[in-house]
Amino acid sequence: MPDLAHGKYLRTVASCGGDEVPFLVSIVRPTMPDRVQAQPSVLKRIGSAKKELTRSAVHPLRGNQRAMKGHAAVGPIEGIVLDAVGTLIEPHPPVAEAYAQAAERQGVTLETTVVRARFREFFRRDETSDQLGSLETNEVVEYQRWRRIVTSVLAEVPDPEQAFRELWQYFGTSEAWRCFGDVVPLLDSLRAEGLSVCIASNFDSRLRNVVSGLSELRPLSEQVVISSEVGYRKPHPAFYEAVETLCGIPAEKLLSVGDDVENDVLGALRSGLRGVWLDRGGNGQGENPPRIADLGGVLSLLKN
Ligand SMILES: [Mg+2]
């Protein structure tokens, strides 16, 4: 049994889409007994500690249960913080098809399976590099990130820079994206409940055009927090401070929902929010943070 006393550190690993991400976890007691703080670090796994932490410390219901039992320290959830890509929206057609079409325009035929594998690899590399860095960002950083990824994925086309410029422009339009089917029912229900909602995304200013161009999300156009505008990417605490400021709601009354365990859940928890992992692909296993299979699960959380 690990020592969960205040100030102790434990090593653990969270799974994200099949990839394991190591963390150094500091236990915060007794003022916040249900919460942990974690810092990304290259450390080894301690299975029993992870099980204990993900079951008891990283649980989105804990705050609700405490509130219902009359504990004033946490209170009910007043706002929902929704990640964008993979949570509210997805590329349509899929990224690999859009990239393959860009290659085709230059006379190069690529299998979408090959493009998909390359994209995942280069995107993952970039994400991992970010996690170990300062997480500082801006419009130029994001532009260069995507330039790097696209020109790596489509390295054999005659003019990779042209392919990048086309895809950068394309993914900045709402035509490149669609909402998941469970978005509208969730937003309607949250609105009926009088809950505050915001979109919080590691993206650049193009997201504003995408959000305002999708009828389902247009009502949230003023409720968007974007990393390039904040100056920090999730899971940096400064990003979540910006979320708290925009919502005008204390962190402990916000529930972060997203498809990335580190960025959307553990990062939110470290900043004092509550968090739940949206595992649309059903990739999670027993030792992951608590998860929901679709956005309908948010409503179930709020009711229970
Ligand atoms: Mg996402």
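Residues numbered from 1 in each chain as written. Predicted model: local features only at pLDDT ≥ 70, side-chain atom pairs only at ≥ 80, totals over all residues.

### What about the environment of Glu127?
Its place among the elements puts Glu127 in helix H4 (residues 112-131). Linking Glu127 and Arg145, residues 18 residues apart in sequence, is a C-alpha distance of 9.8 Å. (Helix = DSSP H or I, 4+ residues; strand = E, 2+ residues; numbered from the N terminus.)

### As for helix H8 (residues 206-213)
Taken as a whole, H8 has its buried residues at Arg206, Leu207, Val210 and Val211. Projected down its long axis, H8 shows its buried positions confined to an angular sector of 135 degrees, all on one face. (Buried ≥ 20, exposed ≤ 12 C-beta atoms within 10 Å, placed from the backbone. Arc of directions from axis to C-beta.)

### Focus: the nonpolar core
Counting residues in each nonpolar core, the largest one holds 61 residues, and the members touching the most others are Val81, Tyr99 and Val243. In terms of domain composition, this core takes at least three residues from each of domain 1 (38-90 + 177-303) and domain 2 (91-175). (Core = buried A, V, L, I, M, F, W, Y, C linked by C-beta atoms within 7 Å. Domains from an automatic or database assignment.)

### Description of the pairing of strand E7 (residues 196-201)
In the sheet, strand E4 (residues 79-82) pairs with E7 via four bridges, with the strands oriented parallel. Note that in E7 the partner of Val81 across the bridge is Cys198. Here three bridges tie E7 to strand E8 (residues 224-226), and the two strands are oriented parallel to one another. Across the sheet, Ser201 pairs through a bridge with Ile226, a residue of E8. Read from E7 through H8 to E8, the crossover connection turns out right-handed. (Pairing = 2+ DSSP bridges. Right-handed = clockwise from strand over helix to strand, strands pointing away.)

### Digging into the pairing of strand E9 (residues 254-258)
Counting buried positions over the five residues of E9 gives five, a clear majority of the element. Burial along E9 is two-sided: Leu254, Ser256 and Gly258 and Leu255 and Val257, pointing in opposite directions, are all buried. Sheet analysis places E4 next to E9, joined by four bridges and oriented parallel. By the bridge assignment, Ile80 is partnered in E9 with Leu255. Judged from the four bridges that link them, E9 and strand E10 (residues 274-278) form a sheet pairing that is parallel. Along E10, the bridge assignment pairs Gly258 with Trp277. Assessed by its sense of winding, the connection that carries the chain from E9 through helix H11 (residues 261-270) to E10 is right-handed.

### Overview of the sheet that holds E7
Spatial strand order, E8-E7-E4-E9-E10-E11: six strands in an open sheet with parallel pairing. Lying at the two open borders of the sheet, with one neighbouring strand each, are E8 and strand E11 (291-292). Where E10 lies against E11, two bridges are found, and the strand directions are parallel. For Trp277, the partnering residue across the bridge sits in E11 and is Arg291.

### Side note on the packing of helix H5 (residues 139-153) against helix H6 (residues 160-170)
The contact between H5 and H6 brings their axes to 9 Å, and the two run at 125 degrees. Judged on the interaxial angle alone, H6 and H5 are oblique. Handedness of the crossing formed by H5 with H6: right-handed. Each of Trp146, Arg147, Val150 and Thr151 in H5 lies in contact with H6, whose residues at this interface are Pro160, Glu161, Ala163, Phe164, Leu167 and Trp168. Classifying every residue of the contact of H5 with H6 gives seven nonpolar, one polar and two charged. (Axes fitted to C-alpha atoms, helices over the stretch in contact; angles between N-to-C directions. Parallel < 35°, antiparallel > 145°, perpendicular 65-115°, else oblique. Left-handed = near helix turned anticlockwise from the far one by under 90°. Contact = placed C-beta atoms within 7 Å. Nonpolar A, V, L, I, M, F, W, Y, C, P; charged D, E, K, R; others polar.)

### Thoughts on the confidence of the model for the chain
Looking at the chain, pLDDT values average 81 and 75% of them are 70 or higher. Below pLDDT 50 for its whole length, residues 1-59 participates in 110 contacts with residues either more than four positions away or in separate chains. Across residues 63-73, where pLDDT falls below 50, the model places twelve contacts with residues more than four positions away in sequence or in other chains. (pLDDT = per-residue confidence, 0-100.)

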